[in-house]
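Geometric and topological summary
Now for the letters of each chain:
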Amino acid sequence: MFDMFFPDAYVASTYVIDFEKLYEEGYRGLIFDIDNTLVPHGAPADHRAVVLFERLKKIGFCCCLISNNQEPRVQMFNKDIQVDYVYDAHKPSTKNYKKAMEIMGTDQSNSLFIGDQLFTDVWGAKRAGIRNILVKPIHPKEEIQIVLKRYLEKIVLYFYKKSLKQR
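On a predicted model such as this, the values are computed, not experimentally measured, just so you know.

1. Focus: the environment of Phe-53
- Of note, Phe-53 is situated in helix H2 (residues 47–59).
- Along the chain, Phe-53 and Cys-63 lie 10 residues apart, while their C-alpha atoms are 8.2 Å from each other.
- Setting aside its immediate chain neighbours within four residues, Phe-53 contacts Phe-32, Leu-38, Cys-63, Leu-65, Ile-81 and Val-83.

See below:
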């Protein structure tokens, strides 16, 4: 019933993902949400994010940010990261997941999406046919509409975790 919202993987943080292993598995394009995936909501890129993107580029990944935020927010985060981005993405619409792959020169088979929300990030990636990783939100302070969605996400994640135990 909820499995259309189930992530392909669920981890504690973007910063614990084994990106070297993903590269070995053939992934070449990484699409990231920003807020609460890489930094707290509204924050600029911190040292940890800058180091991560330097590492990803060194490994050989193409990276693209896709955000439902407006361009000034995305530009502010990207100032020290310097990767491609799509703003005002209207996630979960699949259009800008596809645009991100086009920008990176990748496709569904070698692209991966990383985000912190089930009903926008994960569902959009799944609908676009892209493998996805859900990460726990970095910071609890969020806009009210996201706080409300988090309650629904808890229900879906309960069934997701239950389904993993049954495998």
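Having seen the model, we can carry on.
2. Notes on helix H5 (residues 118–127)
- Extensive coverage of H5 is indicated by the burial of seven of its 10 residues.
- Turning to H5, its buried residues number three or more, namely Leu-118, Phe-119, Thr-120, Asp-121, Val-122, Gly-124 and Ala-125.
- At the exit of H5 stands Gly-129, carrying a positive phi of roughly 80 degrees.

3. Describing the packing of aromatic side chains
- Going through the model one piece at a time under the given rule, you end up with 11 aromatic pairs.
- Each ring, one from Tyr-10 and one from Tyr-160, has its centre 6.3 Å from the other, and the planes form 75 degrees; the classification is edge-to-face. Here Tyr-10, found in strand S1 (residues 9–11), pairs with Tyr-160, found in helix H6 (residues 144–165); they are 150 residues apart in sequence, far enough to count as distant.
- By relative accessible area, which is 24% here, Tyr-10 ends up partly exposed.
- A residue is classified by how much of its surface remains accessible, and Tyr-160, at 5% relative accessible area, is buried.
- Each ring, one from Tyr-158 and one from Phe-159, has its centre 5.1 Å from the other, and the planes form 85 degrees; the classification is edge-to-face.
- Directly above the ring of Tyr-23 sits Arg-28, whose terminal nitrogen or CZ lies 3.5 Å from the centroid.
- Seen from the ring of Tyr-15, Arg-48 lies directly overhead, with NZ or CZ sitting 3.9 Å from the centre.

4. Some details on the pattern of salt bridges
- Under the criterion given, the structure shown has eight salt bridges.
- Residues Lys-126 and Asp-8 are paired through a salt bridge, measuring 4.0 Å at the closest nitrogen-oxygen approach. With Lys-126 in helix H5 and Asp-8 in the segment before S1, this pair connects stretches of sequence that are 118 residues apart.
- With relative accessibility at 42%, the residue Asp-8 sits in the partly exposed group.
- One connected set of salt bridges, linked through shared partners, spans Lys-21, Glu-25 and Arg-131.

Rules and cut-offs
- Residues numbered from 1 in each chain as written.
- Predicted model: local features only at pLDDT ≥ 70, side-chain atom pairs only at ≥ 80, totals over all residues.
- Heavy atoms only, no water.
- Helix = DSSP H or I, 4+ residues; strand = E, 2+ residues; numbered from the N terminus.
- Contact = heavy atoms within 4.5 Å.
- Buried < 20%, exposed > 50% of the residue type's maximum accessible area, 1.4 Å probe, protein only.
- Phe/Tyr/Trp six-rings, centres within 6.5 Å; stacked < 30°, edge-to-face > 60°.
- Lys NZ or Arg CZ within 6 Å of the ring centre and 35° of its normal.
- Salt bridge = Lys/Arg side-chain N within 4 Å of Asp/Glu carboxyl O.

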